[in-house]
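Here is what each chain is made of, one letter per residue.
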Amino acid sequence: MPGEYILDVRDLVVRFRVKGRGFTEALKGVSLGVRRGDSYGIVGETGSGKSTLAKTILGINRPTSGSIYLEGREIDYSSSKDVSLARRNIGIVFQDPVGSLNPREPVYRIIRAGLINSDVPKDRYEERIVEISRQVGIPQGKLWSYPGQLSGGEKQRVSIARALVAPKKILILDEPTSSLDVSIQAEILNLLRDLRRSMSITFIYISHDINVIRFMCNRVSVLYYGKVVECGETKTVLSSPAHPYTRVLTGSVLGIQRSEIQASDSVAGGHVSTEGGCIFRKVCPSAFEKCSVEPAPTALDGDHSVWCHIYEKSEEVYQ
Ligand SMILES: Nc1ncnc2c1ncn2[C@@H]1O[C@H](COP(=O)(O)OP(=O)(O)OP(=O)(O)O)[C@@H](O)[C@H]1O
């Protein structure tokens, strides 16, 4: 039932044309339901489709098929009116505050950009900018500084202020702390938790870092290679992960039985992707030798692909 969720993603497929290689399917039928007030985590490793999902929700990418409902109403991504309505209700903070802030604009004007096309009347712009700056911890004295004069954490505070200066129902945070020093990451995470409570806003929090998801999110979907492989309450998913990939992400990889790894020997003779660094070679060298190596992601079948995309983490435990 679409009406149950503030944001409901149904069977979303996103395909990109790739020069000389036909197309790549970044999302392969993703479904998830975000409830009002959730801090909903999307966790997965690089290339799993997290950013594609965020960009598609906002109409930056177009869905190939599937539907997205905002408060029970389907967004028609071919309609500019619908896309701008979605963007009025859903804000985004990107991973890289340097790349997402115009270096030639002072902070005040960067934040002001978040008010254009909003319902806030122009004569209230200044009041809103001052108010949100205070809420995110930007000192008034820095409002006329340029991004180059700010620290990484301050830049990310500006991105958050721009996203929230006009009221939003949902805020998508796409790895907002991954480019920051560890001590600053904690400051920004705490700020985000406080803002969510004080503004009663729904979060969609994207990260490859399971500990950040644990800290920030009440529910989570694990995205693997363009598919949701597991979802539910964060505590449950992370304390007793059902899917082998989640078990690797949560560091309980040693809990995976050797017999399961041996079972992946059956891939021998099938296709194995080389994308992203393949541990299959490490855990089953004999099987790997027998495989035909196929770089196209579409060549992977079912859960066998799990064994071929468990990146550096696994190197630590399998050497
Ligand atoms: N515009 C595009 N054109 C072609 N392929 C794309 C495009 N955008 C994303 N992809 C591909 O789609 C897949 C998913 O990419 P995406 O950026 O969504 O992953 P991600 O999980 O956000 O990764 P990261 O954590 O590194 O940002 C990747 O294989 C990527 O190369």
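Sequence order sets the numbering: in each chain, residues are counted from 1 along the sequence as written. Given that the model is predicted, a residue must reach a pLDDT of at least 70 before its local features are reported, and side-chain atom pairs must reach 80 or more before they are shown or counted; all residues, however, enter totals for whole chains, interfaces and linings.

- Where an unreviewed UniProt entry is consulted, the protein chain appears under the name ABC transporter ATP-binding protein, with the organism given as Thermogymnomonas acidicola.

## Quick word on the sheet that holds strand β9 (residues 219-224)
Now for step 1: Should DSSP find at least two bridges between two strands, the strands are regarded as paired. Strands here are runs of E lasting at least two residues and helices are runs of H or I lasting at least four, both read from the DSSP assignment and numbered beginning at the N terminus. Read from one edge to the other, the open sheet built from 6 strands follows the order β6-β7-β8-β3-β9-β10, with strand pairing classed as mixed. Strands at the two margins of the open sheet, each flanked by one partner only, are β6 (90-93) and β10 (227-233). For this sheet the average axis-to-axis angle between neighbouring strands, irrespective of direction, equals 15°.
Now for step 2: Relative to strand β8 (residues 202-207), strand β7 (residues 170-174) is paired through 5 bridges, and the arrangement is parallel. In the sheet register, I170 faces β8, and the bridge partner there is T202. All axes here are fitted lines through C-alpha atoms, helices being fitted over the stretch that makes contact, and every angle between N-to-C directions spans 0 to 180 degrees.

## Quick look at the site of the ligand
Now for step 1: The environment of the ligand is formed by 13 residues, the closest being F16, A26, T46, S51 and T52.
Now for step 2: If you list the elements that add at least two residues to the shell around the ligand, you get β1 (7-18), β2 (22-34) and α1 (50-57).
Now for step 3: Residue contributions to the shell around the ligand peak at 3 residues, all from α1.
Now for step 4: Residues that form the shell around the ligand fall into these classes: 3 nonpolar, 9 polar and 1 charged. Being near a molecule or strand means, for a residue, that its C-beta atom, positioned from the backbone, comes within 6 Å of it. Residue classes follow a fixed rule: Ala, Val, Leu, Ile, Met, Phe, Trp, Tyr, Cys and Pro count as nonpolar, while Asp, Glu, Lys and Arg count as charged, and any other residue, Gly among them, counts as polar.

## Thoughts on helix α5 (residues 125-136)
Now for step 1: In this analysis, the expected span of each helix is defined as 1.5 Å times one less than the number of residues it contains. The terminal C-alpha atoms of α5 lie 16 Å apart, and with 12 residues this matches the ideal 16 Å at 1.5 Å per residue to within 8%.
Now for step 2: Here a residue counts as buried when 20 or more other C-beta atoms fall within 10 Å of its C-beta, as exposed when 12 or fewer do, and as partly exposed in between; the C-beta atoms come from the backbone. What α5 keeps buried is the set R128, I129, I132, S133 and V136. Looking straight down α5, one finds its buried side chains confined to an arc of 130°; they lie on one side. Projecting away from the buried face of α5 at angles above 90 degrees are the exposed residues E126, E127, E131 and R134. Think of the arc as the fan of directions from the helix axis to the C-beta atoms.

## Things to note about the environment of N218
Now for step 1: Among the secondary structure elements, N218 is positioned in the loop between α8 (210-216) and β9.
Now for step 2: The spatial distance from the C-alpha of N218 to the C-alpha of G232 is 8.7 Å, given a sequence separation of 14 residues.
Now for step 3: Whether two residues are in contact depends on their C-beta atoms, placed from the backbone: they are in contact if these lie within 7 Å. When residues no more than four places from it in sequence are discounted, the contact partners of N218 are D38, S39, E233 and T234.

## Re the environment of N89
Now for step 1: Tracing the chain through its elements places N89 in helix α2 (residues 80-89).
Now for step 2: Measuring from C-alpha to C-alpha, the distance between N89 and I170 comes to 6.4 Å, with 81 residues separating the pair along the chain.
Now for step 3: When neighbours within four sequence positions are excluded, N89 is seen to be in contact with L70, K168, K169 and I170.

## Some remarks on the confidence of the model for the protein chain
Now for step 1: What pLDDT expresses is the predictor's confidence in each residue, scored from 0 to 100. Per-residue confidence for the protein chain gives a mean pLDDT of 80; residues scoring 70 or more make up 78%.
Now for step 2: Per-residue pLDDT stays below 50 along residues 253-319; that stretch engages in 84 contacts with residues further than four places along the chain or on separate chains.
Now for step 3: Listed scores for the predicted complex are pTM 0.80 and ipTM 0.96.

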